Amino acid sequence: DGGITQSPKYLFRKEGQNVTLSCEQNLNHDAMYWYRQDPGQGLRLIYYSQIVNDFQKGDIAEGYSVSREKKESFPLTVTSAQKNPTAFYLCASSIHPISMDTEAFFGQGTRLTVV
Amino acid sequence: DQQVKQNSPSLSVQEGRISILNCDYTNSMFDYFLWYKKYPAEGPTFLISISSIKDKNEDGRFTVFLNKSAKHLSLHIVPSQPGDSAVYFCAASAGGNYGQNFVFGPGTRLSVLP
């Protein structure tokens with residue numbers, strides 16, 4: 001079955017620690033995205049990648065880092081520099097960068113809580 | 001300041017009636033709009049889209065209306081079914097269908113009552 005998988009579903013970390021969220025897709029999609037959602041707000045773009053070995057900052061990239069060494073994987077690291085990391089994180093992929101409608105898929109999300 | 005607003009956090013509708021979900025935006029440069037649906041414990045899935053050259057797009061029970069002068073978008077579901085109960089997100093882009101350009105609203109939770 002093709003799809004996009006985020007793990008883990010829930011993650012707890014101590015303040016000051018870096019943490020990496022996993023996002024894997026086996027859809028052969030070129031483009032991948034990371035979003036953050038806070039209560040009462042829409043999804044905000046953290047980073048996106050249009051192709052392997054390339055990624056770009058989104059609207060709220062500060063305190064985050066990503067890599068795109070493989071087409072199927074786009075891990076997001078929440079660093080200790082992110083001032084308010086507790087949030088719901090969603091990963092998405094689309095077959096190519098210009099297709100967020102019928103050919104875009106989202107993962108189930110990871111809820112990160114920093115204590 | 002949110003560029004895409006969904007001012008009703010929740011909406012309840014009786015089965016068989018019409019559901020109307022609203023979305024307002026502030027950026028007059030937005031030219032492509034999407035609606036996504038999200039069930040609990042699942043990722044959002046694409047529902048319907050509309051470009052700014054149209055004012056209506058229909059797909060089965062779902063119709064999206066675009067009023068550019070009012071900067072307002074609405075999603076109509078007719079007739080509503082219990083399986084439509086979900087959170088609905090509106091998203092808008094000022095650069096066509098490029099994924100990185102989309103701005104998402106906070107969502108409206110629709111409950112369709114049997």
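The structure presented is a predicted model; accordingly, all values stated were derived computationally and were not measured.

(A) Quick peek at the overall build of chain B. From N to C terminus, chain B includes zero helices and 11 strands. Reading the secondary structure of chain B in the N-to-C direction produces β-β-β-β-β-β-β-β-β-β-β. In terms of overall dimensions, chain B is globule-like: its C-alpha atoms have a radius of gyration of 13 Å, near the 13 Å expected for 114 residues. Dimensions along the principal axes, computed over C-alpha positions, put chain B at roughly 40 × 30 × 20 Å. Intrachain contacts of chain B at a sequence separation of at least 6 include 55% that bridge at least 24 residues. In the form shown here, chain B has an accessible surface area of approximately 5300 Å², with 49% of it arising from carbon and sulfur atoms. Seen as two clouds, the 10 positive and the 9 negative side-chain charges of chain B have centres 2 Å apart.

(B) Structural view of the pairing of strand β11 (residues 110-114) of chain A. Residues and elements named next belong to chain A. Pairing of strand β2 (residues 10-13) with β11, which is carried by four bridges, proceeds in the parallel orientation. Among the inter-strand pairings, Leu-11 is bridged to a residue of β11, identified as Leu-112. Alignment of strand β9 (residues 87-94) against β11, held across three bridges, turns out to be antiparallel. Among the inter-strand pairings, Ala-87 is bridged to a residue of β11, identified as Leu-112.

(C) A look at the nonpolar core. All names here are of chain B. Counting 24 residues, the largest nonpolar core has Phe-33, Trp-35, Leu-73, Leu-75 and Tyr-88 as the members making the most contacts within it. Elements with a contribution of two residues or more to this core: β3 (19-25), β4 (32-38), β5 (45-51), β7 (62-67), β8 (72-77), β9 (86-93) and β11 (108-113). If one sorts the elements of this core by residue count, β9 sits on top with four residues. Once you skip the residues sitting within four places of it in the chain, Leu-73 turns out to touch Leu-21, Asn-22, Cys-23, Phe-33, Trp-35, Ile-50, Val-64, Phe-65, Leu-66 and Cys-90.

(D) Quick look at a nonpolar patch on the surface. Residues and elements named next belong to chain A. Together, Tyr-10, Phe-12 and Val-115 give the surface a local cluster of nonpolar side chains, amounting to about 380 Å² of exposed area. Here Tyr-10 shows up in strand β2. Residue Tyr-10 is classed as exposed on the basis of its relative accessible area, which comes to 54%.

(E) Representation of the sheet that holds strand β3 (residues 19-25) of chain A. Residues and elements named next belong to chain A. Taking strand neighbours across the sheet as the criterion, the four strands line up as β1-β3-β8-β7 in an open arrangement whose pairing is antiparallel. Unpaired on one side and paired on the other, β1 (4-7) and β7 (64-66) mark the two borders of the sheet. Neighbour-to-neighbour, the strand axes of the sheet open up by a mean angle of 20°, direction not taken into account. With four bridges joining them, β1 and β3 adopt antiparallel strand pairing. Bridged to Ser-7 within β3 is Ser-22.

(F) Representation of the sheet that holds strand β1 (residues 4-5) of chain B in the model. All names here are of chain B. The strand order across the open sheet built from five strands is β1-β3-β8-β7-β6, with neighbouring strands paired in antiparallel fashion. The sheet is open, and its two borders are formed by β1 and β6 (56-59), each paired with just one other strand. As paired strands, β1 and β3 are joined by two bridges and run antiparallel to one another. Note on β3: the bridge partner recorded for Lys-5 is Asp-24.

So, how was this worked out
Residues numbered from 1 in each chain as written. Chains lettered and ligands numbered in written order. Predicted model: local features only at pLDDT ≥ 70, side-chain atom pairs only at ≥ 80, totals over all residues. Heavy atoms only, no water. Helix = DSSP H or I, 4+ residues; strand = E, 2+ residues; numbered from the N terminus. Rg over C-alpha atoms; globule rule 2.2 N^0.38 Å. Contact = heavy atoms within 4.5 Å. Areas by Shrake-Rupley, 256 points an atom, 1.4 Å probe, with all protein chains shown as cover. Lys, Arg positive; Asp, Glu negative; His and termini not counted. Charge placed at Lys NZ, Arg CZ, Asp CG, Glu CD. Pairing = 2+ DSSP bridges. Core = buried A, V, L, I, M, F, W, Y, C linked by side-chain atoms within 4.5 Å. Buried < 20%, exposed > 50% of the residue type's maximum accessible area, 1.4 Å probe, protein only. Patch = residues over 30% accessible without salt bridge, like charges linked within 9 Å, V, L, I, M, F, W, Y side chains within 5 Å. Salt bridge = Lys/Arg side-chain N within 4 Å of Asp/Glu carboxyl O. Axes fitted to C-alpha atoms, helices over the stretch in contact; angles between N-to-C directions.

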